[in-house]
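Spelled out, the chains give:
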Amino acid sequence: MKALIKSLPALVALLVCGVSSARAQQVQAALAQDHVAVGQPVQLNLSVTGGSGVRLPDRISVEGLDIRFAGKSEQTQVTMTNGRLNAVTSAIYTYMIIPVKAGTYTIPSLSVQVGGKVLKTDPLTLTVGGVPGAPSSGNVPVLPAIPVPNTGARTGVPSSTPPQVSSPHRAQVPPPSEPAEPVFGEIVIPRKTAYVGEVIPVELRFYFAVPARTLQEKPSFSGDGFTVMNFAEPTQSQQEINGRMYQFVAFKTAITPVKSGPIEIGPAKLPAAIQLPSSRPSDDFFGNLFGALDYREHVVETRPVTLEVKPLPKDGRPAEFAGAIGQFSIEATANPKKAGPNDPVSLNVKVSGRGNFDAMSPPVLQETEGWRTYPPGESFTPSPSDPIGFNGEKTFEYMLLAREDRSVTPIAEFSYFDPAIERYVTLKTAPIAVEARGGSAVPAPTPAVAVAASPSPGAASPQPAAETDVLVRNYAPATFRPFVENTAFLVANGALAVTWAALLFLGIGRVVFNSKSARAAAARREARAFLHKMEPSTCPAEQFYQHAVDFVAARLGSHDREALANSSVRPETKAAVASILDVCDEMKYSTSGVAELSREERRRIIDQLKSFDEELR
Amino acid sequence: MKNFADIPTVIRSWSLAALLVLAGWEAASAGAVQDADKAFAAGDYPTAQRAYQTALSSQGPSAGLYYNLAITQLRQNQPGEASLSLRRAIMLDPRMIDARIALSDLERSQGVPPPPLHWTARWKEILAEKAPLPALMITGCVVAWIAAFLLLRAVFRSERKFRAVLGSLVLLAVGAGLFSVACLADPRISERHAAVVLPSGGTTLLSAPADQSAVVTKIPAGGCVYVHRRSGEWTYCETPSGEKGWTATKSLESVVPTA
């Protein structure tokens, strides 16, 4: 079942091939290398384009070569022609060849059945040397250059040398003399030198000669001395290197060096699951059909690239330069062309081109006499052809208000450093003709001189009614006293503070009153009141004993005799108090009446109760 | 409810007299403002200035009156006085954008160094310009007091004491923070010791209170300083950019009018 799931995409592709319209079928065989050493594996790729129902030769046998089927990769391209969808499927069948002995071998023409037709490949020659690593004459890899956005001739763009993209600086592509790796990565940078702050496009490519799938959306790519912009959506393509067909996935981004000196870019790493022939025999149908395959995780890594970063030159740096680096053009528009008093005129200054738009400051307005200007709003629109965002246009919108009647707008001045010509460039917009009436709602300090120099007030002719528009009509009374010193505010806060403090003291009082020790003290006070009542000699004996019982109960918190027995007083004190309680009980239930108590007897009982009270503490 | 006729005659007479005085006062103020507007429209700025000053002394401080006074002073090329009036207008109504713009223009024309643009240095100004400070203060105060009473309840009554106390303390901090921030941003507090340079030639800040001492910096007319202390003819003050020194007391006028 697992094998079925694994093979499902291939089956779907086969089905798609079956239903797609027939196109010219082609079959081509190619060796990844035509010179190898004994024991060194080499790939034979059999590419079949535009066909369905492909039937491969059962076996390719050449004496001295061990040839085994290794796997298949497929690609379907859908195009629309005259309103019809056409799907063209191309498949690459890979065979792994291991030379057993040295010599020159000819791989015969292979017969492949495609859609009922039998097509034949050209024979191929493989030279096997005796020593591993012997030089081989592979093709020099030619990668497509990084697409460089067209800077175009725009107003104000000075002529500049095009960026050096024809010979990109790259790493990791196997030189012709090296045997091609089944997977590898490379960093492609259009330049070997750059300036601090310059945005440099970078392409990270990961090549796969065997079926594979990436395990991460984007590669890990960072380093010291530069910042990385966001990655664009990756693109996939095919390329033949050293006679070997590779699928490669390319990630475009841009870096900005932040310090001068040599900086190391990379390595970039991309985890991938690579399909390799299984060492285990396969016993199911699909395993036999496509060969038993295993996925193995592998981190594809590029070699680092060194970039020489130079500081920006100090010579010729304009005063308005604020860090923009690249190639830019500038243009301005004004709207509306006619503005009444106090009507704003919007001056849109558009800076377009390629470079570090993130670090770009607004152009400086010059010749602003008679205008009131405000800090501009800004927006950036990336170029549709540039997925990274270092090509595009940034628009700065200035709001202008004419203080006096003006016929042209201020001019905008923008300075940047062009790394291609290695010079600072200053661009200026032309003044735009407008008809703006001077506003009077805002006082102008400079006309005051003119007014002061004007004829005496008495001789002054009546001013137009609009003259008083500069004045305000709201004369609401106010005070220099801070609001926090307002009497009502202080009184309200004072009252709240007093209330809060009172509640705080009340709360604290309650806590204190309700505490255990407070309750115990209150109980003691209550008990001693009974003792105090026993003191007078005029107190009748009956009441005397009752007070004694009440005292004992108040101190123990219970009338129960057990409480006395469990109390912490000495045994003799316990016995004395018990005898007092006995007398009291006897007195309560006896019918003979109560005998009078002598003064000494009273004192003895009170003393016994006092020592009981002391011992209970 | 008693009728007006039932009120004793003496009280009635005094009330009527007071009302008449008040009405006359108001009418006089309104008249002064109207006179000032007319004189301004006629281009008679000295008369307009005097009339606005009369209105201010009779009616009391008003941001609108100070602003109009500043405009007349600007028209007469009195940058120091205009700056003072504009600062007073802003102090009374921090949200008066016209006054802020006019002051900014005036300072630029006088060569007063612009204030730092970063928001951390300007947060008080930004807050005062955008938010109604008294409302913020009242809100902060109310929140803080509610939190204070909740804290009492939490301490003495609540069963989930920790949570309640913590919640009350957080609320208390929020209220107190709001109140403090509003107080700090209030120009009536933060600019309390501000003074404006009046002489048209500006003034110099000296390293010591003596005419021959070294010049620290020059402050143009309309420039603002913060007064640290006054010592007779000399005042020790600080510029917004942090330079400290002595200058002649007579060249400065406090933004908050002295009684």
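On a predicted model such as this, the values are computed, not experimentally measured, just so you know.

A. Just the overall build of chain A, in detail. A count of helices and strands for chain A gives nine helices and 32 strands. Each of the 617 residues in chain A was classed as buried or not, and the buried ones make up 27%. If you take every contact in chain A between residues at least 6 apart in sequence, the share linking residues at least 24 apart comes to 75%.

B. Representation of the overall build of chain B within the structure. Looking only at helices and strands, chain B has nine helices and seven strands in total. Buried positions account for 37% of the 259 residues belonging to chain B. Excluding contacts between residues fewer than 6 apart, the proportion of contacts in chain B whose partners are at least 24 apart in sequence is 56%.

C. Molecular detail of the interface of chain B and chain A. With 49 residues of chain B in contact, the opposing surface of chain A contributes 38 residues. For the side of chain B that touches chain A, the elements supplying multiple residues, two or more each, are helix H1 (9-41), helix H2 (45-59), helix H3 (63-75), helix H4 (79-92), helix H5 (97-110), helix H7 (133-156) and helix H9 (187-190) of chain B. By residue class, the composition of the side of chain B that touches chain A is 31 nonpolar, ten polar and eight charged.

D. Region of interest: the sheet that holds strand S2 (residues 35-37) of chain A. Residues and elements named next belong to chain A. Strand order in this open sheet of three strands is S2-S9-S6, and the pairing throughout is mixed. Either end of the sheet is taken by a strand with one partner, and the two such strands are S2 and strand S6 (103-107). The average angle at which neighbouring strand axes cross in this sheet is 30°, direction not considered. Summarising the sheet, S2 and strand S9 (residues 124-129) pair through three bridges and their orientation is parallel. The partner of Ala 37 across the bridge, within S9, is Gly 129.

E. Expanded view of the sheet that holds strand S25 (residues 364-366) of chain A. Residue and element names in this part refer to chain A. Strands sit in the order S25-S30-S31 across an open sheet of three strands; the sheet is antiparallel. In this open sheet, the two strands that pair with only one neighbour each are S25 and strand S31 (423-428). Each neighbouring strand pair of the sheet contributes to a mean axis angle of 30°, computed without reference to strand direction. In this sheet, S31 lies alongside strand S30 (residues 411-418) in antiparallel orientation, the contact comprising six bridges. When the sheet's bridge partners are listed, Tyr 416 is paired in S31 with Val 425.

F. Expanded view of unusual backbone geometry. Residue and element names in this part refer to chain A. At the junction of Asn 335 and Pro 336, the peptide bond is cis and its omega measures out at -5° in the coordinates. Mapped onto the elements, Pro 336 comes out in the loop between strand S22 (326-335) and strand S23 (338-339). Even without being glycine, Glu 422 reaches a positive phi, approximately 55°. If you trace the backbone, Glu 422 turns up in the loop between S30 and S31.

G. Quick look at the packing of helix H4 (residues 487-513) of chain A against H7(B). Taken N-terminus to C-terminus, the directions of H4(A) and H7(B) make an angle of 10°; their axes are 10 Å apart at the nearest point. Taken together, the axes of H4(A) and H7(B) are roughly parallel relative to one another. Residues Asn493(A), Leu496(A), Trp500(A), Leu503(A), Leu504(A), Gly507(A), Arg510(A) and Val511(A) of H4(A) touch H7(B), and the partners they reach there are Cys141(B), Trp145(B), Ala148(B), Phe149(B), Leu152(B), Val155(B) and Phe156(B). Looking at the contact of H4(A) with H7(B) residue by residue, the classes come out as twelve nonpolar, two polar and one charged.

H. Spatial organisation of the packing of H3(B) against H4(B). Residues and elements named next belong to chain B. Running from amino to carboxyl end, H3 crosses H4 at an angle of 160°, the nearest separation of the two axes being 8 Å. Between H3 and H4, the crossing angle belongs to the class labelled roughly antiparallel. Considering the relative orientation of H3 and H4, their crossing is left-handed. Listed contacts from H4 to Ala 63, Tyr 66, Tyr 67, Leu 69, Ala 70, Gln 73 and Leu 74 of H3 are Glu 81, Ala 82, Ser 85, Leu 86, Arg 88, Ala 89 and Leu 92. A breakdown of the residues in the contact of H3 with H4 according to their chemical character gives ten nonpolar, two polar and two charged.

I. Up close: the nonpolar core. Val183(A) and Phe208(A) are the most contacted members of the largest nonpolar core, which totals 82 residues. Setting aside anything within four residues of it in sequence, one finds Val183(A) in contact with Tyr207(A), Phe208(A), Ala209(A), Val210(A), Ala212(A), Ala272(A), Ile274(A), His298(A) and Val300(A). Counting 47 residues, the second largest nonpolar core, distinct from the first, contains Val33(B), Leu92(B), Ala194(B) and Ile219(B).

J. Summary view of H2(B). Residues and elements named next belong to chain B. Here H2 contains 15 residues, and its C-alpha end-to-end distance of 20 Å stays within 8% of the 21 Å for a straight helix at 1.5 Å per residue. Every buried residue belonging to H2 is among Tyr 45, Ala 48, Gln 49, Ala 51, Tyr 52, Ala 55 and Leu 56, and all of these are buried. Projection of H2 onto a plane perpendicular to its axis shows the buried side chains occupying an angular sector of 165°, all on one side. Positive phi shows up at Gly 60, right after H2, with a value of about 100°.

K. Up close: the pairing of strand S7 (residues 111-114) of chain A. Residues and elements named next belong to chain A. Side chains of S7 alternate between two faces, with Val 112 and Val 114 buried and Ser 111 and Gln 113 left unburied. Here four bridges tie S7 to strand S8 (residues 117-120), and the two strands are oriented antiparallel to one another. Across the sheet, the residue bridging to Val 112 is Leu 119, located in S8. If you look at the hairpin formed by S7 and S8, you'll find two residues sitting between the two strands, and Gly 115 has a positive phi there, around 55°.

L. Examining the confidence of the model for chain B more closely. Here chain B averages 86 in pLDDT, while 88% of its residues score no lower than 70. Interface confidence in the predicted complex, given as ipTM, is 0.81; pTM for the same model is 0.41.

M. Layout of the environment of Ala194(B). Residues and elements named next belong to chain B. Residue position: Ala 194 is located in strand S1 (residues 194-197). With 31 residues separating them in the primary sequence, Ala 194 and Val 225 have C-alpha atoms 5.7 Å apart. Sequence-distant contacts of Ala 194, that is, excluding residues within four places in its chain, are made with Arg 87, Cys 224, Tyr 226 and Val 255.

N. Highlighting H4(B). In a regular helix each residue adds 1.5 Å, so 14 residues correspond to 20 Å; H4(B) covers 20 Å between its end C-alpha atoms and thus fits that length. Within H4(B), 14 of the 14 residues are buried, which leaves the element mostly enclosed by the surrounding structure.

O. Quick look at the environment of Lys574(A). Residue and element names in this part refer to chain A. On the secondary structure map, Lys 574 appears in helix H8 (residues 571-589). When the C-alpha positions of Lys 574 and Phe 612 are compared, they lie 7.8 Å apart, and in sequence the two are 38 residues distant. When residues no more than four places from it in sequence are discounted, the contact partners of Lys 574 are Leu 564, Ala 565, Ser 567 and Val 569.

P. Spatial organisation of the environment of Ile330(A). With respect to the helices and strands, Ile330(A) occurs in strand S22. Along the chain, Ile330(A) and Lys350(A) lie 20 residues apart, while their C-alpha atoms are 5.6 Å from each other.

The rules we used
- Residues numbered from 1 in each chain as written.
- Chains lettered and ligands numbered in written order.
- Predicted model: local features only at pLDDT ≥ 70, side-chain atom pairs only at ≥ 80, totals over all residues.
- Helix = DSSP H or I, 4+ residues; strand = E, 2+ residues; numbered from the N terminus.
- Buried ≥ 20, exposed ≤ 12 C-beta atoms within 10 Å, placed from the backbone.
- Contact = placed C-beta atoms within 7 Å.
- Nonpolar A, V, L, I, M, F, W, Y, C, P; charged D, E, K, R; others polar.
- Pairing = 2+ DSSP bridges.
- Axes fitted to C-alpha atoms, helices over the stretch in contact; angles between N-to-C directions.
- Parallel < 35°, antiparallel > 145°, perpendicular 65-115°, else oblique.
- Left-handed = near helix turned anticlockwise from the far one by under 90°.
- Core = buried A, V, L, I, M, F, W, Y, C linked by C-beta atoms within 7 Å.
- Expected span 1.5 Å × (residues − 1).
- Arc of directions from axis to C-beta.
- pLDDT = per-residue confidence, 0-100.

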